[in-house]
Number of protein chains: 2
Amino acid sequence: MNQYSCLTLPKAPRTARGRKTQAKLLDAAEVEFGERGFHDASIAGITARADVALGTFYVYFEGKEAIFRALVAHFSRLTRSVIAERIVGAPDRVTAERLGLEAFIEHARAHPHIYRIIGEAQFVAPDAYQAYYQTFADAYETGLKAASARGDIREGHAEELAWALIGMNVFLGQRYGLWNPDKPAADVAAAISEFVAYGLKGQRDRSQA
Amino acid sequence: MNQYSCLTLPKAPRTARGRKTQAKLLDAAEVEFGERGFHDASIAGITARADVALGTFYVYFEGKEAIFRALVAHFSRLTRSVIAERIVGAPDRVTAERLGLEAFIEHARAHPHIYRIIGEAQFVAPDAYQAYYQTFADAYETGLKAASARGDIREGHAEELAWALIGMNVFLGQRYGLWNPDKPAADVAAAISEFVAYGLKGQRDRSQA
DNA sequence: GTTAAACATGAATACTGATTCATGTTTCGG
DNA sequence: CCGAAACATGAATCAGTATTCATGTTTAAC
(Lines give C-alpha, C1' and ligand atoms only; values in the text may rest on other atoms or scores of the structure.)
Protein backbone atom coordinates (compact mmCIF):
# COMPACT_ATOMS: atom_id res chain seq x y z
CA MET A 1 0.00 0.00 0.00
CA ASN A 2 2.88 2.33 0.68
CA GLN A 3 5.01 1.60 -2.33
CA TYR A 4 5.16 5.27 -3.31
CA SER A 5 6.79 6.63 -0.17
CA CYS A 6 10.10 7.32 -1.91
CA LEU A 7 8.57 9.61 -4.54
CA THR A 8 8.97 13.35 -4.54
CA LEU A 9 5.34 14.16 -4.91
CA PRO A 10 3.64 17.44 -5.72
CA LYS A 11 2.07 17.96 -2.30
CA ALA A 12 3.86 16.02 0.42
CA PRO A 13 1.53 14.94 3.24
CA ARG A 14 2.52 15.94 6.76
CA THR A 15 0.70 13.30 8.78
CA ALA A 16 0.38 9.52 8.72
CA ARG A 17 -3.25 9.84 7.67
CA GLY A 18 -2.23 12.05 4.77
CA ARG A 19 0.41 9.63 3.56
CA LYS A 20 -2.08 6.79 3.68
CA THR A 21 -4.69 8.73 1.72
CA GLN A 22 -2.18 9.76 -0.92
CA ALA A 23 -1.01 6.17 -1.29
CA LYS A 24 -4.63 5.03 -1.66
CA LEU A 25 -5.11 7.58 -4.43
CA LEU A 26 -1.99 6.42 -6.28
CA ASP A 27 -3.02 2.78 -6.02
CA ALA A 28 -6.50 3.64 -7.24
CA ALA A 29 -5.11 5.75 -10.09
CA GLU A 30 -2.96 2.84 -11.27
CA VAL A 31 -6.08 0.70 -11.66
CA GLU A 32 -8.27 3.45 -13.12
CA PHE A 33 -5.67 4.55 -15.71
CA GLY A 34 -4.66 0.96 -16.38
CA GLU A 35 -8.19 -0.21 -17.06
CA ARG A 36 -9.73 2.79 -18.80
CA GLY A 37 -6.79 4.69 -20.24
CA PHE A 38 -5.84 8.27 -19.50
CA HIS A 39 -8.72 10.03 -21.18
CA ASP A 40 -11.55 7.73 -20.16
CA ALA A 41 -10.24 7.63 -16.64
CA SER A 42 -11.93 10.16 -14.36
CA ILE A 43 -10.93 11.77 -11.11
CA ALA A 44 -14.29 10.65 -9.74
CA GLY A 45 -13.35 7.09 -10.72
CA ILE A 46 -10.05 7.36 -8.91
CA THR A 47 -11.55 8.79 -5.72
CA ALA A 48 -14.35 6.21 -5.76
CA ARG A 49 -11.81 3.37 -5.99
CA ALA A 50 -9.75 5.00 -3.24
CA ASP A 51 -12.90 5.46 -1.19
CA VAL A 52 -12.38 9.15 -0.56
CA ALA A 53 -14.34 12.21 -1.57
CA LEU A 54 -13.80 13.92 -4.90
CA GLY A 55 -12.26 17.05 -3.42
CA THR A 56 -9.67 15.06 -1.50
CA PHE A 57 -7.87 14.38 -4.77
CA TYR A 58 -6.88 18.03 -5.09
CA VAL A 59 -5.42 18.06 -1.61
CA TYR A 60 -2.65 15.81 -2.92
CA PHE A 61 -2.32 16.41 -6.66
CA GLU A 62 -2.34 19.42 -8.94
CA GLY A 63 -4.58 17.63 -11.39
CA LYS A 64 -5.08 14.62 -13.60
CA GLU A 65 -1.82 14.90 -15.48
CA ALA A 66 0.17 15.38 -12.27
CA ILE A 67 -0.89 12.07 -10.75
CA PHE A 68 -0.32 10.36 -14.11
CA ARG A 69 3.23 11.69 -14.25
CA ALA A 70 3.82 10.55 -10.67
CA LEU A 71 2.80 7.03 -11.72
CA VAL A 72 5.04 7.10 -14.79
CA ALA A 73 8.04 8.19 -12.73
CA HIS A 74 7.36 5.49 -10.16
CA PHE A 75 6.90 2.66 -12.63
CA SER A 76 9.91 3.73 -14.68
CA ARG A 77 12.11 3.21 -11.66
CA LEU A 78 10.31 0.03 -10.72
CA THR A 79 10.74 -1.54 -14.16
CA ARG A 80 14.43 -0.70 -14.33
CA SER A 81 15.05 -2.13 -10.90
CA VAL A 82 13.16 -5.34 -11.66
CA ILE A 83 15.35 -5.93 -14.72
CA ALA A 84 18.52 -4.86 -12.94
CA GLU A 85 17.92 -7.28 -10.07
CA ARG A 86 17.41 -10.13 -12.46
CA ILE A 87 20.61 -9.66 -14.44
CA VAL A 88 22.93 -8.92 -11.52
CA GLY A 89 25.52 -11.65 -11.39
CA ALA A 90 24.92 -12.93 -14.93
CA PRO A 91 28.17 -14.56 -16.07
CA ASP A 92 28.23 -12.69 -19.38
CA ARG A 93 26.35 -10.16 -21.46
CA VAL A 94 24.45 -12.65 -23.59
CA THR A 95 23.11 -14.39 -20.51
CA ALA A 96 22.20 -11.00 -19.09
CA GLU A 97 20.22 -10.24 -22.24
CA ARG A 98 18.35 -13.52 -21.97
CA LEU A 99 17.51 -13.04 -18.30
CA GLY A 100 16.54 -9.42 -18.87
CA LEU A 101 14.12 -10.34 -21.64
CA GLU A 102 12.63 -13.10 -19.52
CA ALA A 103 12.16 -10.68 -16.62
CA PHE A 104 10.62 -8.09 -18.91
CA ILE A 105 8.07 -10.49 -20.39
CA GLU A 106 7.14 -11.81 -16.98
CA HIS A 107 6.81 -8.34 -15.54
CA ALA A 108 4.60 -7.18 -18.39
CA ARG A 109 2.44 -10.25 -17.91
CA ALA A 110 2.12 -9.69 -14.17
CA HIS A 111 1.49 -5.93 -14.39
CA PRO A 112 -0.32 -5.07 -17.62
CA HIS A 113 -1.54 -1.80 -16.05
CA ILE A 114 2.01 -0.56 -15.80
CA TYR A 115 2.65 -1.20 -19.46
CA ARG A 116 -0.46 0.57 -20.59
CA ILE A 117 0.42 3.58 -18.46
CA ILE A 118 3.98 3.78 -19.75
CA GLY A 119 2.75 3.33 -23.29
CA GLU A 120 0.18 6.08 -23.01
CA ALA A 121 2.83 8.37 -21.56
CA GLN A 122 4.13 8.61 -25.12
CA PHE A 123 1.17 10.86 -25.86
CA VAL A 124 0.12 12.19 -22.47
CA ALA A 125 3.57 13.08 -21.13
CA PRO A 126 5.99 12.78 -24.06
CA ASP A 127 8.90 14.32 -22.16
CA ALA A 128 8.57 11.77 -19.35
CA TYR A 129 8.28 8.94 -21.87
CA GLN A 130 11.33 10.02 -23.78
CA ALA A 131 13.31 10.54 -20.60
CA TYR A 132 12.37 7.03 -19.49
CA TYR A 133 13.74 5.36 -22.60
CA GLN A 134 16.75 7.67 -22.79
CA THR A 135 17.73 6.65 -19.26
CA PHE A 136 17.19 3.03 -20.18
CA ALA A 137 19.26 3.41 -23.36
CA ASP A 138 22.10 5.18 -21.58
CA ALA A 139 22.38 2.37 -19.04
CA TYR A 140 22.15 -0.20 -21.80
CA GLU A 141 24.88 1.51 -23.79
CA THR A 142 27.15 1.62 -20.75
CA GLY A 143 26.55 -2.06 -20.15
CA LEU A 144 27.33 -2.95 -23.75
CA LYS A 145 30.54 -0.93 -23.73
CA ALA A 146 31.67 -2.58 -20.51
CA ALA A 147 30.91 -5.96 -22.03
CA SER A 148 32.95 -5.26 -25.15
CA ALA A 149 35.80 -3.82 -23.04
CA ARG A 150 36.05 -7.12 -21.20
CA GLY A 151 35.86 -9.04 -24.47
CA ASP A 152 32.36 -10.41 -23.93
CA ILE A 153 31.04 -9.01 -27.20
CA ARG A 154 32.24 -7.19 -30.30
CA GLU A 155 33.03 -3.48 -30.23
CA GLY A 156 31.15 -0.63 -31.82
CA HIS A 157 27.74 0.91 -32.44
CA ALA A 158 26.73 0.57 -28.79
CA GLU A 159 24.18 3.39 -29.00
CA GLU A 160 22.31 2.00 -31.98
CA LEU A 161 22.51 -1.50 -30.52
CA ALA A 162 21.06 -0.30 -27.22
CA TRP A 163 17.97 1.12 -28.93
CA ALA A 164 17.62 -1.95 -31.13
CA LEU A 165 17.75 -4.28 -28.13
CA ILE A 166 15.29 -2.16 -26.16
CA GLY A 167 12.87 -2.24 -29.09
CA MET A 168 13.22 -6.00 -29.28
CA ASN A 169 12.45 -6.34 -25.60
CA VAL A 170 9.46 -4.01 -25.72
CA PHE A 171 7.86 -5.73 -28.70
CA LEU A 172 8.49 -9.24 -27.43
CA GLY A 173 7.11 -8.15 -24.06
CA GLN A 174 4.03 -6.79 -25.78
CA ARG A 175 3.47 -9.83 -27.98
CA TYR A 176 4.32 -12.63 -25.54
CA GLY A 177 3.65 -10.85 -22.26
CA LEU A 178 0.52 -8.82 -22.92
CA TRP A 179 -1.21 -10.08 -26.06
CA ASN A 180 -0.55 -13.84 -25.98
CA PRO A 181 0.72 -14.71 -22.53
CA ASP A 182 0.62 -18.47 -23.15
CA LYS A 183 4.21 -19.34 -24.04
CA PRO A 184 6.63 -19.49 -21.08
CA ALA A 185 8.76 -16.34 -20.95
CA ALA A 186 11.89 -18.44 -20.62
CA ASP A 187 11.12 -20.19 -23.92
CA VAL A 188 10.76 -16.93 -25.78
CA ALA A 189 13.94 -15.59 -24.22
CA ALA A 190 15.79 -18.78 -25.12
CA ALA A 191 14.51 -18.64 -28.71
CA ILE A 192 15.86 -15.13 -29.13
CA SER A 193 19.06 -15.73 -27.21
CA GLU A 194 20.71 -17.45 -30.14
CA PHE A 195 20.03 -14.45 -32.38
CA VAL A 196 21.38 -12.07 -29.76
CA ALA A 197 24.42 -14.23 -29.05
CA TYR A 198 25.43 -14.46 -32.70
CA GLY A 199 24.53 -10.83 -33.22
CA LEU A 200 26.63 -9.50 -30.37
CA LYS A 201 29.53 -11.95 -30.44
CA GLY A 202 29.77 -12.87 -34.10
CA GLN A 203 30.38 -16.55 -33.57
CA ARG A 204 28.70 -19.52 -31.99
CA ASP A 205 29.30 -19.83 -28.25
CA ARG A 206 28.66 -23.24 -26.76
CA SER A 207 29.51 -22.29 -23.16
CA GLN A 208 26.03 -20.90 -22.26
CA ALA A 209 22.89 -21.95 -24.09
CA MET B 1 -5.44 14.85 -52.61
CA ASN B 2 -7.10 11.66 -53.68
CA GLN B 3 -4.79 9.17 -52.03
CA TYR B 4 -7.68 7.50 -50.18
CA SER B 5 -9.75 6.42 -53.16
CA CYS B 6 -8.91 2.73 -52.70
CA LEU B 7 -10.31 2.60 -49.17
CA THR B 8 -13.56 0.95 -48.26
CA LEU B 9 -14.98 3.85 -46.35
CA PRO B 10 -18.00 4.02 -44.05
CA LYS B 11 -20.12 6.18 -46.33
CA ALA B 12 -19.02 6.01 -49.94
CA PRO B 13 -19.63 9.24 -51.85
CA ARG B 14 -21.67 8.99 -55.06
CA THR B 15 -20.50 12.07 -56.89
CA ALA B 16 -17.17 13.67 -57.79
CA ARG B 17 -17.92 16.51 -55.40
CA GLY B 18 -18.53 14.04 -52.60
CA ARG B 19 -15.29 12.19 -53.21
CA LYS B 20 -13.35 15.42 -53.17
CA THR B 21 -14.94 16.56 -49.91
CA GLN B 22 -14.28 13.22 -48.24
CA ALA B 23 -10.66 13.31 -49.37
CA LYS B 24 -10.32 16.86 -48.01
CA LEU B 25 -11.65 15.63 -44.65
CA LEU B 26 -9.19 12.73 -44.53
CA ASP B 27 -6.26 14.98 -45.40
CA ALA B 28 -7.36 17.47 -42.77
CA ALA B 29 -7.82 14.72 -40.19
CA GLU B 30 -4.29 13.46 -40.78
CA VAL B 31 -2.93 16.87 -39.87
CA GLU B 32 -5.31 17.50 -36.98
CA PHE B 33 -4.73 14.08 -35.37
CA GLY B 34 -1.03 14.20 -36.18
CA GLU B 35 -0.50 17.60 -34.59
CA ARG B 36 -2.84 17.50 -31.62
CA GLY B 37 -3.36 13.80 -30.90
CA PHE B 38 -6.64 11.93 -30.91
CA HIS B 39 -8.20 13.46 -27.84
CA ASP B 40 -7.15 17.06 -28.32
CA ALA B 41 -8.14 16.89 -31.95
CA SER B 42 -11.66 18.16 -32.59
CA ILE B 43 -14.15 17.61 -35.37
CA ALA B 44 -14.41 21.39 -35.63
CA GLY B 45 -10.63 21.49 -36.15
CA ILE B 46 -10.85 18.93 -38.91
CA THR B 47 -13.69 20.66 -40.74
CA ALA B 48 -11.99 24.04 -40.38
CA ARG B 49 -8.79 22.66 -41.95
CA ALA B 50 -10.85 21.01 -44.68
CA ASP B 51 -12.74 24.25 -45.18
CA VAL B 52 -16.18 22.69 -44.90
CA ALA B 53 -18.99 23.13 -42.39
CA LEU B 54 -19.13 21.14 -39.16
CA GLY B 55 -22.13 19.08 -40.17
CA THR B 56 -20.50 17.98 -43.39
CA PHE B 57 -18.23 15.71 -41.39
CA TYR B 58 -21.14 13.47 -40.44
CA VAL B 59 -22.17 13.08 -44.06
CA TYR B 60 -19.03 11.02 -44.59
CA PHE B 61 -18.07 9.48 -41.24
CA GLU B 62 -19.90 7.85 -38.36
CA GLY B 63 -17.86 9.81 -35.88
CA LYS B 64 -14.44 10.70 -34.59
CA GLU B 65 -13.24 7.14 -34.09
CA ALA B 66 -14.44 6.08 -37.54
CA ILE B 67 -12.29 8.58 -39.40
CA PHE B 68 -9.35 7.74 -37.15
CA ARG B 69 -9.70 4.06 -38.00
CA ALA B 70 -9.91 4.90 -41.71
CA LEU B 71 -6.59 6.72 -41.38
CA VAL B 72 -4.98 3.84 -39.50
CA ALA B 73 -6.06 1.35 -42.16
CA HIS B 74 -4.78 3.59 -44.92
CA PHE B 75 -1.40 4.29 -43.35
CA SER B 76 -0.91 0.66 -42.41
CA ARG B 77 -1.12 -0.32 -46.03
CA LEU B 78 0.99 2.64 -47.09
CA THR B 79 3.80 1.83 -44.65
CA ARG B 80 3.93 -1.80 -45.65
CA SER B 81 4.05 -0.93 -49.32
CA VAL B 82 6.81 1.65 -48.82
CA ILE B 83 8.97 -0.97 -47.10
CA ALA B 84 8.06 -3.69 -49.58
CA GLU B 85 9.00 -1.53 -52.56
CA ARG B 86 12.36 -0.78 -51.03
CA ILE B 87 13.39 -4.36 -50.37
CA VAL B 88 12.15 -5.87 -53.62
CA GLY B 89 15.12 -7.25 -55.47
CA ALA B 90 17.47 -7.28 -52.49
CA PRO B 91 20.08 -9.96 -53.14
CA ASP B 92 19.68 -11.57 -49.73
CA ARG B 93 17.74 -11.31 -46.47
CA VAL B 94 20.37 -9.38 -44.58
CA THR B 95 20.49 -6.72 -47.28
CA ALA B 96 16.70 -6.64 -47.25
CA GLU B 97 16.76 -5.99 -43.50
CA ARG B 98 19.19 -3.14 -43.95
CA LEU B 99 17.20 -1.52 -46.75
CA GLY B 100 13.95 -2.02 -44.87
CA LEU B 101 15.27 -0.30 -41.75
CA GLU B 102 16.65 2.54 -43.84
CA ALA B 103 13.27 2.96 -45.53
CA PHE B 104 11.47 2.84 -42.21
CA ILE B 105 13.62 5.52 -40.60
CA GLU B 106 13.31 7.76 -43.64
CA HIS B 107 9.57 7.27 -43.83
CA ALA B 108 9.11 8.08 -40.14
CA ARG B 109 11.21 11.19 -40.62
CA ALA B 110 9.23 12.33 -43.64
CA HIS B 111 5.80 11.57 -42.17
CA PRO B 112 5.83 12.00 -38.40
CA HIS B 113 2.03 12.42 -38.42
CA ILE B 114 1.61 8.87 -39.63
CA TYR B 115 3.73 7.50 -36.83
CA ARG B 116 1.89 9.41 -34.16
CA ILE B 117 -1.45 8.17 -35.51
CA ILE B 118 -0.35 4.54 -35.67
CA GLY B 119 1.13 4.82 -32.20
CA GLU B 120 -2.02 6.28 -30.71
CA ALA B 121 -4.04 3.52 -32.34
CA GLN B 122 -2.62 1.28 -29.62
CA PHE B 123 -5.01 2.98 -27.22
CA VAL B 124 -7.72 4.41 -29.43
CA ALA B 125 -8.28 1.37 -31.67
CA PRO B 126 -6.35 -1.52 -30.09
CA ASP B 127 -7.81 -4.12 -32.44
CA ALA B 128 -6.67 -2.18 -35.51
CA TYR B 129 -3.24 -1.66 -33.98
CA GLN B 130 -2.81 -5.31 -33.14
CA ALA B 131 -4.05 -6.37 -36.57
CA TYR B 132 -1.54 -4.02 -38.17
CA TYR B 133 1.45 -5.56 -36.40
CA GLN B 134 0.11 -9.09 -36.73
CA THR B 135 -0.09 -8.64 -40.49
CA PHE B 136 3.39 -7.20 -40.49
CA ALA B 137 4.70 -10.06 -38.36
CA ASP B 138 3.07 -12.72 -40.53
CA ALA B 139 4.69 -11.31 -43.65
CA TYR B 140 7.99 -11.01 -41.84
CA GLU B 141 7.81 -14.59 -40.64
CA THR B 142 7.06 -15.84 -44.15
CA GLY B 143 10.01 -13.87 -45.48
CA LEU B 144 12.35 -15.27 -42.84
CA LYS B 145 11.23 -18.83 -43.51
CA ALA B 146 11.75 -18.41 -47.24
CA ALA B 147 15.20 -17.01 -46.56
CA SER B 148 16.18 -19.94 -44.37
CA ALA B 149 14.74 -22.40 -46.91
CA ARG B 150 17.06 -21.00 -49.54
CA GLY B 151 19.98 -21.08 -47.12
CA ASP B 152 20.23 -17.31 -46.65
CA ILE B 153 19.92 -17.53 -42.88
CA ARG B 154 19.73 -20.10 -40.09
CA GLU B 155 16.53 -22.03 -39.41
CA GLY B 156 14.15 -21.75 -36.50
CA HIS B 157 12.24 -19.36 -34.24
CA ALA B 158 10.94 -17.34 -37.19
CA GLU B 159 7.93 -16.05 -35.24
CA GLU B 160 9.90 -14.72 -32.29
CA LEU B 161 12.52 -13.32 -34.64
CA ALA B 162 9.89 -11.50 -36.67
CA TRP B 163 8.57 -9.69 -33.60
CA ALA B 164 12.08 -8.93 -32.38
CA LEU B 165 13.08 -7.43 -35.71
CA ILE B 166 9.90 -5.39 -35.93
CA GLY B 167 10.53 -4.01 -32.45
CA MET B 168 14.05 -3.11 -33.47
CA ASN B 169 12.80 -1.27 -36.53
CA VAL B 170 10.11 0.60 -34.64
CA PHE B 171 12.41 1.79 -31.88
CA LEU B 172 15.23 2.76 -34.22
CA GLY B 173 12.67 4.58 -36.36
CA GLN B 174 11.41 6.41 -33.30
CA ARG B 175 14.86 7.32 -32.00
CA TYR B 176 16.64 8.18 -35.24
CA GLY B 177 13.66 9.10 -37.39
CA LEU B 178 11.38 11.03 -35.06
CA TRP B 179 13.32 12.15 -31.99
CA ASN B 180 16.82 12.85 -33.35
CA PRO B 181 16.58 12.95 -37.12
CA ASP B 182 20.16 14.14 -37.58
CA LYS B 183 22.08 10.97 -38.40
CA PRO B 184 21.63 9.67 -41.97
CA ALA B 185 19.22 6.73 -42.01
CA ALA B 186 21.69 4.71 -44.09
CA ASP B 187 24.34 5.08 -41.36
CA VAL B 188 22.02 3.78 -38.67
CA ALA B 189 20.93 0.90 -40.87
CA ALA B 190 24.56 0.06 -41.66
CA ALA B 191 25.49 0.17 -37.98
CA ILE B 192 22.80 -2.35 -37.13
CA SER B 193 23.32 -4.48 -40.20
CA GLU B 194 26.34 -6.21 -38.71
CA PHE B 195 24.34 -7.23 -35.65
CA VAL B 196 21.50 -8.52 -37.81
CA ALA B 197 23.85 -10.34 -40.19
CA TYR B 198 25.65 -12.17 -37.41
CA GLY B 199 22.40 -12.75 -35.59
CA LEU B 200 20.59 -14.28 -38.54
CA LYS B 201 23.45 -16.10 -40.25
CA GLY B 202 25.68 -17.02 -37.36
CA GLN B 203 28.94 -16.22 -39.11
CA ARG B 204 30.62 -13.31 -40.81
CA ASP B 205 29.65 -12.84 -44.44
CA ARG B 206 32.04 -10.74 -46.47
CA SER B 207 30.06 -10.82 -49.70
CA GLN B 208 27.69 -7.93 -48.79
CA ALA B 209 28.58 -5.22 -46.24
C1' DG C 1 -6.93 20.24 26.78
C1' DT C 2 -6.16 23.81 23.52
C1' DT C 3 -5.43 25.29 19.08
C1' DA C 4 -3.50 25.97 14.61
C1' DA C 5 -2.45 23.36 10.80
C1' DA C 6 -3.60 19.59 8.15
C1' DC C 7 -6.99 16.97 6.12
C1' DA C 8 -11.80 15.65 4.21
C1' DT C 9 -16.02 16.76 2.00
C1' DG C 10 -19.31 17.04 -2.13
C1' DA C 11 -22.31 20.36 -4.17
C1' DA C 12 -21.66 23.92 -7.43
C1' DT C 13 -19.06 25.87 -11.19
C1' DA C 14 -17.32 26.16 -15.72
C1' DC C 15 -16.15 24.61 -19.91
C1' DT C 16 -15.42 21.67 -23.80
C1' DG C 17 -16.67 19.43 -27.70
C1' DA C 18 -19.21 15.43 -30.04
C1' DT C 19 -23.35 14.70 -32.40
C1' DT C 20 -28.05 15.90 -34.29
C1' DC C 21 -31.25 18.01 -37.33
C1' DA C 22 -34.14 21.00 -39.99
C1' DT C 23 -33.28 23.54 -43.80
C1' DG C 24 -31.09 25.03 -48.11
C1' DT C 25 -28.14 24.01 -52.38
C1' DT C 26 -25.98 21.25 -56.02
C1' DT C 27 -25.54 17.36 -58.99
C1' DC C 28 -26.87 14.33 -62.61
C1' DG C 29 -29.57 10.87 -65.10
C1' DG C 30 -33.53 11.07 -68.04
C1' DC D 1 -34.87 21.49 -67.95
C1' DC D 2 -36.89 18.49 -64.03
C1' DG D 3 -36.92 16.11 -60.07
C1' DA D 4 -34.98 13.07 -56.85
C1' DA D 5 -30.97 11.97 -54.62
C1' DA D 6 -26.82 13.55 -52.90
C1' DC D 7 -24.54 16.95 -50.58
C1' DA D 8 -23.72 21.21 -47.46
C1' DT D 9 -24.82 24.02 -43.60
C1' DG D 10 -24.17 25.71 -38.60
C1' DA D 11 -27.04 26.70 -34.73
C1' DA D 12 -28.79 24.04 -31.08
C1' DT D 13 -28.59 19.98 -28.25
C1' DC D 14 -26.54 16.96 -25.05
C1' DA D 15 -23.42 14.82 -22.10
C1' DG D 16 -19.53 14.46 -19.40
C1' DT D 17 -16.10 15.79 -16.15
C1' DA D 18 -12.07 18.56 -14.39
C1' DT D 19 -11.58 21.80 -10.94
C1' DT D 20 -13.00 25.10 -7.15
C1' DC D 21 -14.47 26.38 -2.69
C1' DA D 22 -16.82 27.18 1.59
C1' DT D 23 -17.39 24.45 5.36
C1' DG D 24 -16.66 20.75 8.74
C1' DT D 25 -13.48 17.28 11.08
C1' DT D 26 -9.10 15.24 12.71
C1' DT D 27 -4.37 15.41 14.06
C1' DA D 28 -0.47 16.44 16.84
C1' DA D 29 2.52 19.72 18.98
C1' DC D 30 2.71 22.21 23.31
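Computed from a prediction, not measured in an experiment: that's the story for all the values here.

### Here we look at the protein's contact with DNA strand C
All names here are of chain A. Contacts to DNA strand C come from 22 residues, most closely from R14, T21, A53, G55 and Y60. Within 4 Å of the protein, the contacting atoms of DNA strand C are 77% sugar and phosphate, with bases supplying the remainder. Interatomic distance of 3.0 Å between a backbone N/O atom of G55 and a base nitrogen of DNA strand C. Residue T56 places a side-chain N or O atom 3.1 Å away from a phosphate oxygen belonging to DNA strand C. The dominant element in the surface near DNA strand C, judged by the number of residues it contributes, is helix α1 (residues 16-40), at three residues. Among the residues making up the surface near DNA strand C, the classes are represented as 10 nonpolar, eight polar and four charged.

### Digging into helix α2 (residues 43-50) of chain B
Residue and element names in this part refer to chain B. Within the sequence span of α2, burial applies to I43, G45, I46, T47 and A50. Residues of α2 that are buried make contact with α1 (16-40), α3 (57-60) and α4 (64-87). Positive backbone phi, approximately 65 degrees, marks D51, located one or two places after α2.

### Description of the protein's contact with DNA strand D
Around DNA strand D sit 22 residues in total, of which A:I43, B:R14, B:T21, B:A53 and B:Y60 are the nearest. Put simply, 76% of the atoms of DNA strand D that lie within 4 Å of the protein are in sugar or phosphate. Separating a phosphate oxygen of DNA strand D from a backbone N or O atom of B:T15 is a distance of 3.2 Å. Broken down by secondary-structure element, the contributors of at least two residues to the surface near DNA strand D are α1 of chain A together with α1 of chain B. At three residues, the largest contribution of residues to the surface near DNA strand D is made by α1(B). Here the residues of the surface near DNA strand D sort into 10 nonpolar, eight polar and four charged.

### What about the nonpolar core?
Counting residues in hydrophobic clusters, the biggest one holds 123 residues, and the most contacted among them are A:F33, A:F171, B:F33 and B:F171. For this core, the element with the most residues is helix α8 (residues 158-179) of chain A, which contributes 13 residues. With near-sequence residues (within four places) excluded, B:F171 lies in contact with A:Y129, A:Y133, A:W163, A:I166, A:G167, A:V170 and A:F171.

### Some details on the pattern of salt bridges
For the structure on display, the rule yields 30 salt bridges over all chains. The shortest N-O distance in the salt bridge between B:D127 and B:R69 comes to 3.0 Å. Note that B:D127 is positioned in helix α7 (residues 126-149) and B:R69 in helix α4, a separation of 58 residues in sequence. Assessed through its relative accessible area of 28%, B:R69 is described here as partly exposed. Each of A:E32, A:E35, A:R36 and A:R49 takes part in a single network of salt bridges with overlapping partners.

### Examining the relation of the copies chain B and chain A
Its rotation angle being 180 degrees, the transformation that places chain B on chain A also includes 0.0 Å of axial translation and leaves an RMSD of 0.0 Å. What the superposition gives is, in effect, a two-fold axis relating one chain to the other. The rotation axis passes nearest to the C-alpha of B:G199 in chain B, at a distance of 1.9 Å. Both copies share a contact surface, since 100% of the interface residues of chain B are interface residues in chain A too.

### Details of the packing of aromatic side chains
Describing an aromatic ring pair means giving the distance of the ring centres and the angle of the ring planes. Considering all chains together, one arrives at 26 aromatic pairs over all chains under this definition. Aromatic pair A:F33 and A:F38: ring centres 5.6 Å apart, planes at 10 degrees, arrangement stacked. Each of the two residues, A:F33 as well as A:F38, counts as buried. Both rings, one in B:F57 and one in B:Y58, keep their centres 4.9 Å apart while their planes meet at 75 degrees; by these two values the pair is edge-to-face. Taken together, the ring pairs in this structure connect A:Y129, A:Y132, A:Y133, A:F136, A:W163, B:F171 and B:W179 into an aromatic cluster. Residue placement shows A:R175 over the ring face of A:Y176; its charged tip is 4.5 Å from the ring centre. In this structure, B:K64 is placed above the aromatic ring of B:F38, and the distance from its NZ or CZ to the ring centre is 4.8 Å.

### Considerations on the layout of surface pockets
Looking at the largest pocket, its volume works out to about 980 Å³. If you go around the largest pocket, you meet 42 residues; those closest to its centre are A:Q122, A:Y129, B:G119, B:Q122 and B:Y129. Contributing elements (two or more residues each) for the lining of the largest pocket: α5 (93-110), α6 (112-124), α7 (126-149) and α8 of chain A together with α5 (93-110), α6 (112-124), α7 and α8 (158-179) of chain B. Examining the composition of the lining of the largest pocket, we find that eight residues originate from one element, α6(B), more than from any other. Residue classes in the lining of the largest pocket are distributed as 28 nonpolar, 12 polar and two charged.

### Notes on the interface of chain B and chain A
The interface of chain B with chain A comprises 40 residues on the first partner and 40 residues on the second. Carbon and sulfur atoms supply 69% of the area buried between chain B and chain A, which totals about 3,900 Å² over both sides. Of the charged contacts, one joins A:E159 and B:K183 as a salt bridge, the two residues approaching to 3.7 Å between their closest N and O atoms. The interface formed by chain B and chain A holds eight residue pairs in polar contact (both at pLDDT 80 or more) in total. The greatest single-element share of the side of chain B that touches chain A, amounting to 16 residues, is contributed by α8(B). The class makeup of the residues in the side of chain B that touches chain A is 21 nonpolar, 11 polar and eight charged.

### Let's talk about the side chain of A:E32
Residues and elements named next belong to chain A. With respect to the helices and strands, the residue E32 is situated in helix α1. In this structure the side chain of E32 is engaged in a polar contact, spanning 2.7 Å, whose partner is the side chain of R49. Discounting residues that sit within four places of it in the chain, E32 has contacts with G37, D40, A41, S42, G45, I46 and R49.

What counts as what
Residues numbered from 1 in each chain as written. Chains lettered and ligands numbered in written order. Predicted model: local features only at pLDDT ≥ 70, side-chain atom pairs only at ≥ 80, totals over all residues. Heavy atoms only, no water. Near = heavy atom within 4 Å. Polar contact = N/O pair within 3.5 Å; in protein donor to acceptor, adjacent residues only side chain to side chain. Helix = DSSP H or I, 4+ residues; strand = E, 2+ residues; numbered from the N terminus. Nonpolar A, V, L, I, M, F, W, Y, C, P; charged D, E, K, R; others polar. Buried < 20%, exposed > 50% of the residue type's maximum accessible area, 1.4 Å probe, protein only. Contact = heavy atoms within 4.5 Å. Core = buried A, V, L, I, M, F, W, Y, C linked by side-chain atoms within 4.5 Å. Salt bridge = Lys/Arg side-chain N within 4 Å of Asp/Glu carboxyl O. Least-squares fit on C-alpha atoms with pLDDT ≥ 70 in both. Phe/Tyr/Trp six-rings, centres within 6.5 Å; stacked < 30°, edge-to-face > 60°. Lys NZ or Arg CZ within 6 Å of the ring centre and 35° of its normal. 1 Å grid on protein atoms, 1.4 Å probe; cavity = no way out; pocket = protein on both sides within 12 Å on 5 of 7 lines; lining within 4 Å. Points joined across faces, edges and corners; volume = space filled by probe spheres on them. Buried area = accessible area lost by both parts, 1.4 Å probe.

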